Amino acid sequence: MGGKHQNFFKVDRNTGAIRSQVSVDREKTPELELEVEIADAGSKAAKYTVIIDVLDENDNPSEPRQLTVLVQTLNGDFAGGAIAPVRPRDPDITGDYNCNIKAGGATKLFQVKQDCILHTGRLVNVNNYNLTVIGNDGIHDSVTSQVYLTFDRFDAGAVKEAAVVRVQGSLQPATLANLFRIIHFHRSAVGAVQVLSIVRDEDNVTDLYVGIRAANKQYLARSQVESVLRSELSFANVQPDIQVIVGYDPCQSDPCQNNGRCMTNTALESENVIVEAEDIILNSPKFVQNVKCSCQNNFEGEKCQLNANSCQPNPCEGGAKCLQLVYDFKCLCPSYRTGKRCERE
């Protein structure tokens, strides 16, 4: 038996039973790796890698938090629903968490529901609130956390002119929190910088949509926002194994075929996204970049991939006649030629 954690176990050479020799804490060692060699009397030995997932146990007391929760709203109108998870800090991932808001003026506006998720009804002309939340994991003593809740607003101009900071790679929560602080709390002479939305996908890609609101309440053009981010901020050392792209545009990958012209526009989806990065939480409408291809004559399809007149110009060689099919063609080859385009004699 070998592997990274071979000293944690012993194996019965006759039965193959693997037994632990030490106590394992998931918070310190969430995964164990062994290499086991198996053989019987009639075959060569084979080596296998065994991965053991360590399950969680609610064995750590909760700790208080100081949460910064930012809720971005279109025109100051929050439709209501879930705002943010406000459970206490806890290294355990399991527990019967229970939270409530300490008595105060804001208790009539907010409720803490199952799994310590803060909720509210519809709010118009939003404001800022400081909440005191008492919570526990169902076993250990309750702790008291502070929640600093800020409702911000943006308008349609911010959506149109939002610049995208794309992060490629496995982004750690601490790094995402740092990126948020670098961008959102940056003081620029040209206006107030806002992180409007954060959207993450399953391919280790994180997009931060950023706007800058000038003193006259108008939003700067996207090109100006990108210029400010590049000239006034640095993302060089936030995390060594990620790439930060300021001003990402899906048209940069040339998705349109056959010389089609690529255009993008930013839109809002109906759902809200809640992104938690350590003690910073952003709740915002989901931003999305839509791509549209303007096709050259005779080309159709979402990416101009379909040729509606495949026989113009004639792709057939050797004087063969072209027969138009639906988004395809067929060459009527002379007897001495063959191939899709009659290219072989």
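Residues numbered from 1 in each chain as written. Predicted model: local features only at pLDDT ≥ 70, side-chain atom pairs only at ≥ 80, totals over all residues. Heavy atoms only, no water.

Colleague: What exactly am I supposed to notice about the sheet that holds strand β14 (residues 163-168) here?
Modeller: In sheet architecture, strand pairing relies on hydrogen bonds along the backbone and comes in two forms, parallel and antiparallel. Reading across from one edge, β15-β16-β17-β14-β18 is the order of the five strands in this open sheet, with antiparallel pairing throughout. The two strands at the open ends of the sheet, each matched to only one other strand, are β15 (187-188) and β18 (243-246). As defined by bridge partners, strand β16 (residues 191-200) adjoins strand β17 (residues 205-213) across eight bridges and the pair is classed as antiparallel. The residue of β17 that forms the bridge with Ala192 is Arg213. The strands that helix α2 (residues 173-184) touches are β14, β16 and β17; relative to β16, the one it contacts most, it runs at about 150 degrees. (Pairing = 2+ DSSP bridges. Helix = DSSP H or I, 4+ residues; strand = E, 2+ residues; numbered from the N terminus. Contact = heavy atoms within 4.5 Å. Axes fitted to C-alpha atoms, helices over the stretch in contact; angles between N-to-C directions.)

Colleague: What's the story with unusual backbone geometry in this structure? I'm lost.
Modeller: Backbone phi values are negative for most residues with the exception of glycine, while trans is the configuration of most peptide bonds. Cis rather than trans, the peptide bond between Gln312 and Pro313 has omega equal to -5 degrees. By secondary structure assignment, the location of Pro313 is in the loop between β22 (306-307) and β23 (321-325). The phi dihedral of Asp254 is positive, around 50 degrees, even though this residue is not glycine. Relative to the helices and strands, Asp254 is located in the loop between β18 and β19 (261-277). Backbone geometry places Tyr327, a non-glycine residue, at a positive phi of 55 degrees. Tracing the sequence through the fold places Tyr327 in the loop between β23 and β24 (328-332). Here Tyr327 falls in the partly exposed class, since its relative accessible area comes to 38%. (Buried < 20%, exposed > 50% of the residue type's maximum accessible area, 1.4 Å probe, protein only.)

Colleague: What is the right way to look at the nonpolar core in this model?
Modeller: The nonpolar side chains of a soluble globular protein tend to be buried with one another. With 30 residues, the main nonpolar core has Ile183, Ile198 and Leu229 as its most contacted residues. Secondary structure elements with two or more residues in this core: β14, α2, β16, β17, α3 (222-232), β19 and β20 (280-294). The greatest single-element share of this core, amounting to five residues, is contributed by α2. Ignoring any residue separated from it by four or fewer positions in sequence, one finds Ile183 in contact with Val165, Val193, Val195, Leu208, Val210, Leu229, Leu233 and Phe235. Core analysis: the second largest hydrophobic core is formed by 23 residues, Val71, Ile83, Leu123 and Tyr129 among them. (Core = buried A, V, L, I, M, F, W, Y, C linked by side-chain atoms within 4.5 Å.)

Limitation: the analysis is restricted to geometry and does not speak to function.
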